[in-house]
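This is what each chain is made of:
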Amino acid sequence: MAIHPIEYRYGTDEMKYVWSEANRLEKLLKTEAALSNAEAKIGMVPAEAAAEIEKSIAHVKIERVAEIEDEIHHDMMAIVIAISEQCTDDAAKWVHFGATSNDILDTATALQMMDAVAILEEKTRTLLDVLLTKAEEHKNTVCAGRTHGQIGVPTTYGLRFAIWASEVGRHLERLAQLTPRLLVGQMTGAVGTQAAFGNDGIEIQEYAMEYLGLGSVDVSNQIIQRDRHAEFVMWMANTVTTLDKIAVEIRTLQRSEIAEVEESFRKGQVGSSTMPHKRNPIKSEQISGLARIVRSMVEPELLNNTLWDERDLTNSSCERIVFPESCVLTDHLLKLAIGVIENLRFYPENIRRNLDLLRGLNMGEAIMIDLAKRGVGRQEAHEIVRSSAMEAHESGKHLKDVLLSRPDVTKYLTESDINDLLNPDMYIGTAVAQVENVVEKLRTQV
């Protein structure tokens, strides 16, 4: 019986497999084989025993591991016994030799993280590509900028997408920087001293991690320190917060009274069970909702770094939820965001309508700056335009008409000057150049 929505509603099959029991067991078995191979390489374990252990792991079944765990109530020893059952007595006695449970468990987790990072990186690059494409397509699409929820001076849709693309580019940089710190394994023994390996511990660890394609911890106690995992969980929280930010903007711009953009709405799609006309931004809302869950994983993983002495078990049960849920949901949200942005629908007539909605008031800064350039003091120019704007607002007049009625304005500006200054298409500064610079810089990352 499915209980958690991840089982039937959210997530991709590829990321779910990373955190499946089957893949977890595969990674644990591979880590045991890496240990035996490393020990054989230095002569601690007979080479034929290591070869047999590596061969035997293909025959270990998840059902048998579960049976043993039900009996002995120890997950790692259940695997050790299951491997030993597939070996001759001579090889079985070398399974898990010198290691503690978390040497295998934490190293296997790093292998799962390796798979998860690859999936998340690929989707993040795809998202970046989609954002850059939209930035390029709409670099000249002039629209109303807004601050405090109120219309301000013009901006462009291209600049909005470029800002989001730049942020996603930084997430890719952060992921590249944290990956070497995250993808490390250990063979350090009960409390980190490698005592069971004698003087060969450092070499065994290096050989084992080389076999697995992982980095090695410099030092450890019984577990790999959780600052590494916390950094990854915080990266996911940061990334989905960017998706949330984009989704909030799309939801805002899809409001009926703004209606500049809209999520794709399939033929036959239903928006409401009682209001047949509704075209709701449900995908963007899902992004915002599930982003809250991913962000909520940050504190538990930070607390998983504050364990007693060399180790306690409080992190273990917590991480069985934190790692798969945060990875599955982040992957799901990236896929969702890519689809929303790729298929976003624009309404140029509404974009233009909103630019003109305030009857020139949103162009007040352009008038103020030009007056100042023509010899009016900046503060005086600000007051002229402010008082003109308030009059236009109260009277319902167009700002142009109020300005033309003022001698302190017409002394410096003709009607033609004012018309040009009130044209939003002429007041976007370097927006187009900024977009082009961002696209050129970030295209190398996709």
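Heads up: these notes are all about the structure in this document. (Residues numbered from 1 in each chain as written. Predicted model: local features only at pLDDT ≥ 70, side-chain atom pairs only at ≥ 80, totals over all residues. Heavy atoms only, no water.)

## Regarding the overall build of the protein chain
- Helices and strands together make up the secondary structure of the protein chain, namely 21 helices and 6 strands.
- At 30 Å, the protein chain has a C-alpha radius of gyration far larger than the 22 Å of a compact globule built from 446 residues.
- C-alpha atoms of the protein chain, sized along the principal axes, occupy 100 × 55 × 35 Å.
- When the 446 residues of the protein chain are sorted by exposure, 51% land in the buried category.
- Sequence separation of 24 or more characterises 76% of the internal contacts of the protein chain that already satisfy a separation of 6 or more.
- On the protein chain, roughly 21700 Å² of surface is accessible, and the fraction owed to carbon and sulfur atoms is 52%.
- Of the side chains in the protein chain, 48 bear a positive and 68 a negative charge, and the two mean positions are spaced by 10 Å. (Helix = DSSP H or I, 4+ residues; strand = E, 2+ residues; numbered from the N terminus. Rg over C-alpha atoms; globule rule 2.2 N^0.38 Å. Buried < 20%, exposed > 50% of the residue type's maximum accessible area, 1.4 Å probe, protein only. Contact = heavy atoms within 4.5 Å. Areas by Shrake-Rupley, 256 points an atom, 1.4 Å probe, with all protein chains shown as cover. Lys, Arg positive; Asp, Glu negative; His and termini not counted. Charge placed at Lys NZ, Arg CZ, Asp CG, Glu CD.)

## Side note on the packing of helix α3 (residues 21-41) against helix α4 (residues 47-56)
- Close contact between α3 and α4 brings their axes to 9 Å; oriented N to C, the two are set at 165°. Of the possible angle classes, the one that applies to α3 and α4 is roughly antiparallel. Seen along the crossing, α3 lies across α4 with a hand that is left-handed. Contacts between α3 and α4 involve A33, S36, N37 and A40 from the former and A47, A50, I53 and E54 from the latter.
- When the residues that make up the contact of α3 with α4 are grouped by side-chain class, the tally is 5 nonpolar, 2 polar and 1 charged. (Axes fitted to C-alpha atoms, helices over the stretch in contact; angles between N-to-C directions. Parallel < 35°, antiparallel > 145°, perpendicular 65-115°, else oblique. Left-handed = near helix turned anticlockwise from the far one by under 90°. Nonpolar A, V, L, I, M, F, W, Y, C, P; charged D, E, K, R; others polar.)

## Comments concerning the pairing of strand β1 (residues 142-147)
- As defined by bridge partners, β1 adjoins strand β2 (residues 150-156) across 5 bridges and the pair is classed as antiparallel. Following the sheet pairing, A144 is matched in β2 by P154.
- Hairpin geometry of β1 and β2 is characterised by an intervening segment of 2 residues between the two adjacent antiparallel strands and by a positive phi of about 60° at H148. (Pairing = 2+ DSSP bridges.)

## A short note on helix α10 (residues 201-212)
- Between its terminal C-alpha atoms α10 stretches 17 Å, which fits the 16 Å expected from 12 residues at 1.5 Å a residue.
- For α10, the set of buried residues is G201, I204, Q205, A208, M209 and L212. For α10, the arc enclosing every buried residue in end-on projection is 125°, short of the 170-degree limit, so these residues lie on one face. More than 90 degrees from the buried face of α10, the exposed residues found are I202 and E210.
- Of the surrounding elements, those touching the buried residues of α10 are α3, α8 (101-137), β3 (184-185) and β4 (215-216). (Expected span 1.5 Å × (residues − 1). Arc of directions from axis to C-beta.)

## Considerations on the side chain of N280
- Mapping N280 onto the fold places it in the loop between β5 (261-262) and α12 (282-296).
- Classification of N280 by relative accessible area gives buried; the value is 18%.
- If we ignore the near neighbours within four places in the chain, the residues touching N280 are Q254, E263, F265 and G271.

## What about the environment of A51?
- By secondary structure assignment, the location of A51 is in helix α4.
- Residue class for A51 comes out partly exposed when judged on its relative accessible area of 43%.
- Measuring from C-alpha to C-alpha, the distance between A51 and A40 comes to 8.9 Å, with 11 residues separating the pair along the chain.

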